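A closer look at the structure
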Number of protein chains: 2
Amino acid sequence: MPDAPPSLFAASPAAGTADNSGSHPFDRAIRLTPLPDGNWRGHTSADYRNMVGPYGGITAATVLNAILQHPARLGDPVALTVNYAGPVQDGEFTIEVEILRTNRATQHWTLRLVQGPDRTPALSATAVTALRRPAWSGPELGMPVVPPADSFPREQIDLAGVPWTARYDMRFVRGALSLDPESAASDNSCTEVWMRDEPPRPIDLASLCSMCDGFFPRIFLRRPGFVPAGTVSMTVYFHADAQTLATQHEAPVLGVARAQVFAQGFFDQTAQVWGQGGTLLASSHQIVYYKE
Amino acid sequence: MPDAPPSLFAASPAAGTADNSGSHPFDRAIRLTPLPDGNWRGHTSADYRNMVGPYGGITAATVLNAILQHPARLGDPVALTVNYAGPVQDGEFTIEVEILRTNRATQHWTLRLVQGPDRTPALSATAVTALRRPAWSGPELGMPVVPPADSFPREQIDLAGVPWTARYDMRFVRGALSLDPESAASDNSCTEVWMRDEPPRPIDLASLCSMCDGFFPRIFLRRPGFVPAGTVSMTVYFHADAQTLATQHEAPVLGVARAQVFAQGFFDQTAQVWGQGGTLLASSHQIVYYKE
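What you see is a predicted model; the values in this text were computed from it and never measured. (Residues numbered from 1 in each chain as written. Chains lettered and ligands numbered in written order. Predicted model: local features only at pLDDT ≥ 70, side-chain atom pairs only at ≥ 80, totals over all residues. Heavy atoms only, no water.)

1. Quick look at the packing of aromatic side chains
- Under the criterion given, the structure shown has 26 aromatic pairs over all chains.
- For the pair B:F172 and B:F216, a centre-to-centre distance of 6.1 Å together with 50 degrees between the ring planes defines the contact as tilted. Within this pair, whereas B:F172 is found in strand β8 (residues 168–174), its partner B:F216 is found in the loop between α4 (205–211) and α5 (219–222), the two being separated by 44 residues in sequence.
- The class for B:F216 is buried, based on a relative accessible area of 10%.
- Each member of the aromatic cluster is reached from another via a ring pair, and the members are A:F26, A:Y48, A:Y55, A:W164 and A:Y168. (Phe/Tyr/Trp six-rings, centres within 6.5 Å; stacked < 30°, edge-to-face > 60°. Helix = DSSP H or I, 4+ residues; strand = E, 2+ residues; numbered from the N terminus. Buried < 20%, exposed > 50% of the residue type's maximum accessible area, 1.4 Å probe, protein only.)

Encoded structure:
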């Protein structure tokens, strides 16, 4: 499988220029064409390639985009669960969409990503969209108090054949990636990281969804060196609607992720993505396969 | 809709006698009959009725049971996501099962619960089962240090038309249910509760799944009085296989649940279910609609 050109790693496009016109690599990656049968056609993006197939976050965002673009959509996403059933091959894919049920204020979706003449499923997903209504609201968890993003250097994660990490500006407050086989095992898998799209792009529901998968496998922090690992299932709960997200512009978000347990080849990860003003934009959970 | 007979509330079957022969109310509630087309037929249980339709935990466990009973199942459940799309009517239902993809060590499932001649969907679900393998394992989160279950009185939750709460022995360490409209609002939604089936029943994957939904809506702790609320989507990650669970016998488990944010009519809940010896048996997450 062809890797992305090496220039992607070295390139660091001029920061500070927003580009939400559709020519941003993120917008190109999640772009979908409607098919006559109500499904959607997409294409994998070399910009967001991971070691095997696309970065999981971009796939989740693409699936979400099939909902966001849907003419019969009711409200904004509240929940999305994506199950990574098999590798997504480079090239075209189809996202099959079914609206399972539309209620007065909520709508239930089932989706799958298929490829090839046999429509081989690589992913299944479910989602709930809803009309949000004014209601008593209040935080419970507080955003961690950490220095601002520009207090930290941008992490240079240069992994051969893994271009997607260059598509994010990541600044680690703690829990940075170390694949040094000599590094000590840790008893704490927590990462706090400021992140934004690279080049900058105003955050929206799709890019927020993608960022929820932006944490490298927690096992890398607990064990020295590289451990084969891959997300099996990820759930994102959206706590902000499109309008609220629009007030965040291109500001970096603070991602916090930790595992709760590593057992018999699977660990879980709970994560929060915080916006400016201490707003919890999304919480996310995943279960991850590892081999150690 | 007919309520369960009042005797269900008053009855408190003799404790201490295990019954896993299939005559336990839980086993009757999740019982399924195979259909010729590979799907399953079930029936709602008056024992686990909630205010509207069945208790969500018993429905999730019934869906899981369709997987557990399936002749083509590979391994034990690792992840289950259940989306509550509409009310489950009293009576018969069908659980439609599709094995989306079977890999070497993982298997992906999509399911839905339908009712009536039009096969009206009330629920969609996805699940992953997997062969667990020996691997480096380690906890990260620690089980809260709390006094043992028998230090606390059994909570008597007698709500008219809500028989399911009597099917659990619940002993609250903190964060007990209060629906007193005069009670003060709290800034903390955390509950720690010892729970087991009533009458006692050795825990297994299905009953563990059900217990993951055993926490009343977190909004009840944050706001005084009763607030209409209902789970929209729940995910359970299983961290113990059937063999590990079997060592737990009928011992109570410690459930811990809290919300992270309440925003525009939806709040999230993260929960852990701890077993004897400080083993994290399951972690669970849900997003819940509320009207306040």
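2. Some thoughts on the relation of the copies chain B and chain A
- Expressed as a screw operation, the relation of chain B to chain A combines 0.0 Å of axial shift with a rotation of 180 degrees, fitting to an RMSD of 0.0 Å. Taken together, the turn and the small shift mark the pair as related by a two-fold rotation axis. (Least-squares fit on C-alpha atoms with pLDDT ≥ 70 in both.)

3. A closer look at the interface of chain B and chain A
- Residue-level contacts link 67 residues of chain B with 67 residues of chain A.
- Roughly 5,600 Å² of surface becomes buried between chain B and chain A when both sides are summed, with 54% attributable to carbon and sulfur atoms.
- On the chain B side of the interface with chain A, the three residues burying the most area are B:W136, B:E140 and B:Q264, jointly 15% of the side's total.
- On the surface where chain B and chain A come into contact, there are four salt bridges. (Contact = heavy atoms within 4.5 Å. Buried area = accessible area lost by both parts, 1.4 Å probe. Salt bridge = Lys/Arg side-chain N within 4 Å of Asp/Glu carboxyl O.)

4. Describing the pairing of strand β3 (residues 76–84) of chain A
Residue and element names in this part refer to chain A.
- Counting buried positions along β3 yields nine of nine residues, so the element is predominantly enclosed.
- With eight bridges joining them, β3 and strand β6 (residues 120–130) adopt antiparallel strand pairing. Each residue of the ladder has a partner; that of P77, found in β6, is T129.
- With five bridges connecting them, β3 and strand β10 (residues 229–238) associate as antiparallel partners. In the sheet register, V82 faces β10, and the bridge partner there is M234. (Pairing = 2+ DSSP bridges.)

5. Observations concerning the pattern of salt bridges
- Tallying each qualifying case throughout the model produces 30 salt bridges over all chains.
- The closest approach of N and O atoms between A:R222 and B:E140, which form a salt bridge, is 3.0 Å. Here the residue A:R222 occupies a position in helix α5 (residues 219–222), and B:E140 occupies one in the loop between β7 (138–139) and β8, the pair thus bridging two chains. No difference in accessibility class separates A:R222 from B:E140, as the two residues are buried.
- Where salt bridges share partners, they join A:R154, A:D169, A:R171, A:R196 and A:E198 into one cluster.

6. A few points about the environment of B:H43
Residues and elements named next belong to chain B.
- Tracing the sequence through the fold places H43 in strand β2 (residues 40–43).
- Using a relative accessible area of 47% as the deciding quantity, one classes H43 as partly exposed.
- Between the alpha carbons of H43 and V288 there is a distance of 25 Å; along the sequence they are 245 residues apart.
- Apart from the residues within four sequence positions on either side, H43 is in contact with A29, G91, E92 and F93.

7. Remarks on helix α3 (residues 56–68) of chain A
- Over its 13 residues, α3(A) extends 18 Å from the first C-alpha to the last, a length consistent with the 18 Å expected when each residue adds 1.5 Å.
- Of all 13 residues in α3(A), 13 are buried; the element is thus mostly enclosed. (Expected span 1.5 Å × (residues − 1).)

8. Quick word on the state of the cysteines
All names here are of chain A.
- Counted by the stated rule, this structure contains zero disulfides over all chains.
- Left without a disulfide partner, C190 is nearest to the cysteine sulfur of C212, which lies 15 Å away.
- Free of any disulfide, C209 has its nearest neighbouring cysteine sulfur in C212, separated by 6.3 Å.
- The exposure class assigned to C209 is buried, which follows from its relative accessible area of 0%. (Disulfide = S-S within 2.5 Å.)

9. Observations regarding the environment of B:I30
Residues and elements named next belong to chain B.
- Here I30 is to be found in the loop between α2 (25–29) and β1 (33–34).
- Each C-alpha atom, one on I30 and one on S207, is 9.5 Å from the other, the two residues being 177 residues apart in sequence.
- Filtering out sequence-adjacent residues up to four positions away, I30 remains in contact with I58, A61, T62, N65 and A206.

10. Things to note about the UniProt feature "domain: Acyl-CoA thioesterase-like N-terminal HotDog" (unreviewed entry) in chain A
- UniProt records the feature "domain: Acyl-CoA thioesterase-like N-terminal HotDog" (unreviewed entry) for residues 50–129 of chain A in the present numbering.
- For residues 50–129 of chain A, the end-to-end C-alpha separation is 29 Å, with 16% helix and 50% strand making up the annotated structure. (UniProt positions renumbered as here; feature names shortened; annotations may be inferred.)

11. Thoughts on the side chain of B:S189
- Tracing the chain through its elements places B:S189 in the loop between β8 and β9 (191–197).
- On the basis of relative accessibility, which here comes to 0%, the residue B:S189 falls in the buried class.
- With residues up to four places along the chain from it excluded, the contact list for B:S189 reads A:E140, B:R218, B:L221, B:R222, B:A257, B:R258, B:A259 and B:F262.

12. Points about the pairing of strand β9 (residues 191–197) of chain A
Residues and elements named next belong to chain A.
- The element β9 is largely enclosed, with a buried count of seven among its seven residues.
- Note that strand β8 (residues 168–174) and β9 share six bridges and pair antiparallel. When the sheet's bridge partners are listed, M170 is paired in β9 with M195.
- Note that β9 and strand β11 (residues 253–263) share five bridges and pair antiparallel. Among the inter-strand pairings, T191 is bridged to a residue of β11, identified as A257.

13. Overview of the environment of B:V88
All names here are of chain B.
- With respect to the element layout, V88 can be found in the loop between β3 (76–84) and β4 (92–102).
- Residue V88 is classed as buried on the basis of its relative accessible area, which comes to 10%.
- Counting along the chain gives 30 residues from V88 to D118, while the straight-line C-alpha distance between them is 14 Å.
- With near-sequence residues (within four places) excluded, V88 lies in contact with T44, G53, P54, L113, Q115 and A122.

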